[in-house]
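Survey of secondary and tertiary structure
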Amino acid sequence: VSAISFSDNVFFGGEEVNAGTYGMFIIPKEEGDWTFILNEEWSLDEHGVWGAYDYKEEKDVLRIDVSPEWMQESQEELAYSINVDGSLIFAWENLMLTIPIGPVDPA
């Protein structure tokens with residue numbers, strides 16, 4: 001399971017999420033928006049989860065719809081990154097998903 005950690009509460013894709021660590025899951029669709037999920041369970045050692053095989057929908061903290069962007073260039077290996085504006089970028093093959101992340105109380 002890929003995981004993401006927040007040291008403070010954040011807005012993730014426009015929804016408030018408490019500080020903590022979350023597993024990340026994606027539901028692709030042939031057409032339209034994809035579903036990006038933050039889930040309470042993220043660790044094999046702590047939660048006994050290993051990828052989507054042990055995924056439990058009832059542990060979802062957040063589900064958001066994300067519009068896929070199709071790129072000309074190909075990202076051979078799956079990559080997650082944070083860009084300069086704080087957005088989470090998911091890239092793989094010709095697909096990119098961008099999810100804005102921001103502080104709950106901007107300074």
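Note that the structure is predicted; figures quoted are calculated from it, not measured.

**Remarks on the sheet that holds strand β6 (residues 60-66)**
If you walk across this open sheet you meet the four strands as β1-β4-β5-β6, and the pairing is antiparallel. Edge positions in the sheet fall to β1 (2-6) and β6, since each has one partner strand and no second. Averaged over all adjacent pairs, the angle separating strand axes in this sheet is 30 degrees, with direction ignored. Relative to β6, strand β5 (residues 34-39) is paired through six bridges, and the arrangement is antiparallel. Across the sheet, residue Ile37 finds its bridge partner in β6, namely Arg63.

**Quick word on the side chain of Asp60**
Note that Asp60 resides in strand β6. Of the polar contacts made by the side chain of Asp60, one reaches the side chain of Asn39; its length is 2.8 Å. A polar contact is formed between the side chain of Asp60 and the side chain of Tyr55, at a distance of 2.7 Å. With near-sequence residues (within four places) excluded, Asp60 lies in contact with Ile37, Leu38, Asn39 and Tyr55.

**Some words on the side chain of Asn39**
Within the secondary structure, Asn39 sits in strand β5. By relative accessible area, which is 2% here, Asn39 ends up buried. At a separation of 3.1 Å, a polar atom in the side chain of Asn39 contacts the main-chain carbonyl oxygen of Lys56. Among all residues touching Asn39, those that are not within four sequence positions of it are Tyr22, Gly23, Phe25, Tyr55, Lys56, Lys59, Asp60 and Val61.

**Some thoughts on the nonpolar core**
Ile4, Phe6, Phe12, Val17, Phe36, Leu38 and Leu88 are the most contacted members of the largest nonpolar core, which totals 19 residues. For this core, the secondary-structure elements that each account for two or more residues are β1, β2 (10-12), β4 (20-27), β5, β6 and β8 (88-99). Broken down by element, the residue count for this core peaks at five residues, all from β8.

**Brief notes about the pairing of β5**
The element β5 is extensively covered by neighbouring structure, given that six of its six residues are classed as buried. Burial along β5 is two-sided: the face carrying Trp34, Phe36 and Leu38 and the face carrying Thr35, Ile37 and Asn39 are both buried. By the bridge criterion, five bridges tie β4 to β5 in an arrangement that is antiparallel. Of the residues in β5, the one forming a bridge with Ile27 is Thr35. Taken together, β4 and the strand that follows it, β5, pair antiparallel across an intervening segment of six residues, in which Gly32 is found at a positive phi of about 85 degrees.

Thresholds applied
- Numbering of residues starts from 1 in each chain and follows the order in which that chain's sequence is written.
- Two thresholds apply to this predicted model, a pLDDT of at least 70 for residue-level local features and 80 or more for giving and counting side-chain atom pairs, whereas whole-chain, interface and lining totals are computed over all residues.
- The side-chain values count all of the structure's non-hydrogen atoms but skip hydrogen atoms and water molecules.
- Here a strand pair is declared whenever DSSP counts at least two bridges between the two strands.
- Every helix listed is a DSSP run of H or I at least four residues long, and every strand listed is a run of E at least two residues long, numbered separately from the N terminus.
- Only the stretch in contact is used when a helix axis is fitted, and all axes are lines through C-alpha atoms; the angle between N-to-C directions ranges over 0 to 180 degrees.
- Identification of polar contacts relies on pairs of N or O atoms within 3.5 Å, with a donor-acceptor requirement for protein atoms, meaning one able to donate a hydrogen and the other able to accept it, and with residues adjacent in sequence counted only if both atoms are side-chain atoms.
- Should any heavy atoms of two residues lie within 4.5 Å, those residues are considered in contact.
- Only protein chains enter the calculation, and the probe is 1.4 Å; a residue is then buried if its accessible area is under 20% of its type maximum, exposed if over 50%, and partly exposed in between.
- What is meant by a nonpolar core is a set of buried Ala, Val, Leu, Ile, Met, Phe, Trp, Tyr and Cys residues, joined one to another through side-chain atoms within 4.5 Å.

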